[in-house]
Amino acid sequence: MICQITPNIKEQIVENIIKSGETPDFAIPKAEDINLEDWEMECDEKGNVIAQGEVHSNKGDWYSCTLQKVFVDNDYRGRGLGRNIVKRLVEKAKNKQNYGLPDCQILTADISRSNTPSRNLFESVGFKIRDSF
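Thresholds, definitions, all that
Residues numbered from 1 in each chain as written. Predicted model: local features only at pLDDT ≥ 70, side-chain atom pairs only at ≥ 80, totals over all residues. Heavy atoms only, no water. Buried < 20%, exposed > 50% of the residue type's maximum accessible area, 1.4 Å probe, protein only. Helix = DSSP H or I, 4+ residues; strand = E, 2+ residues; numbered from the N terminus. Pairing = 2+ DSSP bridges. Disulfide = S-S within 2.5 Å. Phe/Tyr/Trp six-rings, centres within 6.5 Å; stacked < 30°, edge-to-face > 60°. Axes fitted to C-alpha atoms, helices over the stretch in contact; angles between N-to-C directions. Contact = heavy atoms within 4.5 Å. Salt bridge = Lys/Arg side-chain N within 4 Å of Asp/Glu carboxyl O.

(A) Local environment of the pairing of strand β3 (residues 64-72). In terms of residue burial, β3 counts as a mostly covered element, since 8 of its 9 residues are buried. Where strand β2 (residues 49-58) meets β3, 7 bridges bridge the pair, whose relative direction is antiparallel. Opposite Asn-58, over in β3, you have Ser-64 as the bridge partner. Relative to strand β6 (residues 106-109), β3 is paired through 4 bridges, and the arrangement is parallel. Residue pairing for β6: Ser-64 is matched across the bridge by Ile-106.

Take a look at the structure:
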């Protein structure tokens, strides 16, 4: 289910980023720096964030955006939550505006080369691998 905004939701997002092990320490945001408008989340029945992702606007970079920090808790994988998050992030990117102009004309995703489940997820919703480094 889509999450209700609670006082500790940003802290839960940060905890999940750390738990994933996919984000370098220098790129882990502080809870107070998270803009919830850029995130999509799914919660369990207790209100815990079990799936999440962010659409990040690369300001000044030819109107490009990046889907990043997509995470699904191990206990909830295989239920379509990651797919739902990515689809909602794509829609969010399509509607993102900056100074009245489309902000996300180019959409990419940051995925670790070794993260086969994430690569498969993104390819299943239409992303193509263009570069690997």
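(B) Fine view of the state of the cysteines. Under the criterion given, the structure shown has 2 disulfides. Between the sulfur atoms of Cys-3 and its disulfide partner Cys-43 the distance amounts to 2.0 Å. A torsion of 105° about the S-S bond marks the disulfide between Cys-3 and Cys-43 as right-handed. Here Cys-43 lies in strand β1 (residues 39-43) and Cys-3 lies in the segment before α1 (9-20), a separation of 40 residues in the sequence. Accessibility assignment for this pair places Cys-3 and Cys-43 in one class, buried.

(C) Representation of the packing of aromatic side chains in the model. Overall, the coordinates contain 1 aromatic pair when judged by the stated rule. Considering the side-chain rings of Phe-122 and Phe-127, the 5.2 Å spacing of their centres and the 90° angle between planes classify their relative orientation as edge-to-face. Residue Phe-122 is classed as buried on the basis of its relative accessible area, which comes to 3%.

(D) Expanded view of the sheet that holds β6. Taken together, the 4 strands give an open sheet; going across it, the order is β1-β2-β3-β6, and neighbouring strands pair in mixed fashion. Among the strands making up the open sheet, the edge pair consists of β1 and β6. Averaged over all pairs of adjacent strands, the angle between strand axes in this sheet comes to 15°, irrespective of strand direction. Most of the contacts of α1 go to β2, to which it runs at about 90°, and overall it touches β1, β2 and β3. Sitting on the sheet, helix α2 (residues 81-95) touches β1, β2, β3 and β6, and the angle it makes with β1 is about 150°.

(E) The arrangement of the environment of Asp-103 in detail. For Asp-103, the position within the fold is in the loop between β5 (101-102) and β6. Sequence separation between Asp-103 and Ser-57 is 46 residues; the distance between their C-alpha atoms is 7.1 Å.

(F) Inspection of the pairing of β1 at higher detail. Burial analysis of β1 places 5 of its 5 residues in the buried class, the great majority of the element. Alternating positions in β1 separate into two faces, Trp-39, Met-41 and Cys-43 on one and Glu-40 and Glu-42 on the other, with burial throughout. Note that β1 and β2 share 5 bridges and pair antiparallel. Residue Glu-42 lies in a different strand from β2, and its bridge partner there is Ala-51. Hairpin remark: β1 followed by β2, antiparallel, with 5 residues in the connecting loop; positive phi at Gly-47, about 90°.

(G) The pattern of salt bridges, seen in detail. Under the defined criterion, the tally for this structure stands at 5 salt bridges. Across the pair Asp-73 and Lys-19 runs a salt bridge, and its minimum N-O distance is 3.1 Å. Of this pair, Asp-73 sits in the loop between β3 and α2 while Lys-19 sits in helix α1, and the two are 54 residues apart along the sequence. Judged by its relative accessible area of 53%, Lys-19 is exposed.

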